[in-house]
Amino acid sequence: MNFEFHNPTRIIFGAGNLARLGGVAREYGAKALIVTGGGSVKKSGAFDRAVQSLTAAGVAYAECDGVEPNPRITSVIRGAQTARSQGCDVIIAIGGGSVMDAAKVIAAATFYDGNPWDMIHHGQADVHVPDKALPIITVPTLAATGSETNCGAVITNEETKVKSFIQNPLLSPKAAIMDPELTVSVPRNQTAYGVCDLITHVTEAYFNGIDSTPLQDRFAEGVILTAMQWGPKAIADGADIEARTHIQWAAAVALNGWVQVGTNGAYPVHMLEHTLSGHHDVTHAAGLSVINPAWMRFAAKTNTPKFVQFAQRIFGLTATSENDVSCALEGIDRFEAFLRSIDCPTRLSELGIDDALLETYARDTLQIIHDEDGNLPGRPPMSVADIVSIFRSAL
């Protein structure tokens, strides 16, 4: 292991902490651009409480609402225009991962005269690397993406149907106010998708990372087991604040970088899903729920010992050896059964997707990211034919 790790986001965690928003925001600016999604934060009263806290602290605000579930570059452009015209000096994202991702790119786009899509990696020769961004404060209302405490964002170009990412230290939120009470109103299906999302964040590095990372393995397994224990409780009873609390913290830990330290892992499942939802605008975690088990069955053939470890430690299965393929596959079956038990889809047909564009998905994914041999990075690397076979097995 050889790494450098730094996460600068200040975390303010616990029920009732939304009331601290104004005081925290005042440390970074006098006028905030509040970025929100489709209106749930206003229906729940969270928006009004946030504004009340800001007003009490003397922080004015403007709004950028209506950010889509797969946030579009047009919403980023609109938000940056509002931030400039209204003289905003701090960005506050109140919502789920899509809202937080859009807010991050808005923060950088405010200082960029060109098209913000230039910042998003989509196969272009020259990617614009922002050198300035407004300070960002995240207020997650959904336990899922972990975007509240990292420097990444995923944005969709609705014209080209490309969905891809940016990672830049400037996009790390200055503070994340994580109030589990804000997640109580999240519907059952979105709660379940969040559980799937956070688990997939840790299985990516767990299965695609380097060998001999025992401590990181235990961190990852702890996140998975916590999600599997408390996720169903949060789904069954949305008002279970204890369950909501544990799931929200698990989601943050899953992608604040700590679990992945030193693993050098790739994210092939996410890359495949980005292409899928770029074409079909499906819910991100619903796509992950379908693709991850299908990819696992493919990868277990070449990285069998890690999948055996997963089966033993997560599901208590017994293996005849570290290369017991049947044990590895049984662990994957158990994982897929868990996803089905919380009503997550496990087949592309459940998302209304057929086999018409499987090769297109594969080639589009490789246009975004590929290694020196033209394959999708992962363990193992994947060719067009490999990717097609994974998608086909998920039909």
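Definitions and limits used
Residues numbered from 1 in each chain as written. Predicted model: local features only at pLDDT ≥ 70, side-chain atom pairs only at ≥ 80, totals over all residues. Heavy atoms only, no water. Salt bridge = Lys/Arg side-chain N within 4 Å of Asp/Glu carboxyl O. Helix = DSSP H or I, 4+ residues; strand = E, 2+ residues; numbered from the N terminus. Buried < 20%, exposed > 50% of the residue type's maximum accessible area, 1.4 Å probe, protein only. Core = buried A, V, L, I, M, F, W, Y, C linked by side-chain atoms within 4.5 Å. Contact = heavy atoms within 4.5 Å.

Caption draft 1: Main features of the pattern of salt bridges. Counted under the stated rule, the structure contains 14 salt bridges. A salt bridge links Glu63 to Lys42, with the shortest nitrogen-to-oxygen separation between them at 2.7 Å. Of the two residues, Glu63 sits in strand β3 (residues 60-64) while Lys42 sits in helix α2 (residues 40-43), which places them 21 residues apart along the sequence. You can call Lys42 partly exposed: its relative accessible area is 36%. The residue Arg297 makes a salt bridge to Asp333 at a minimum N-O spacing of 2.8 Å. Here the residue Arg297 occupies a position in helix α10 (residues 284-299), and Asp333 occupies one in helix α12 (residues 325-341), the gap between them amounting to 36 residues. We classify Asp333 as partly exposed; its relative accessible area is 33%.

Caption draft 2: Local environment of the nonpolar core. If you look at the biggest cluster of nonpolar residues, it comprises 73 residues, and the most contacted ones within it are Leu198, Ile199, Trp295, Phe307 and Phe391. Considering each element in turn, this core owes the most residues, 10 residues, to α10. Excluding residues that lie within four positions of it along the chain, Leu198 makes contacts with Ala144, Val223, Ala227, Ile247, Ala250, Ala251 and Ala254. By size, the runner-up hydrophobic cluster in this structure holds 31 residues, among which are Val76, Ala102, Trp117 and Ile166.

These results come straight from atomic positions and should not be treated as a statement about function.
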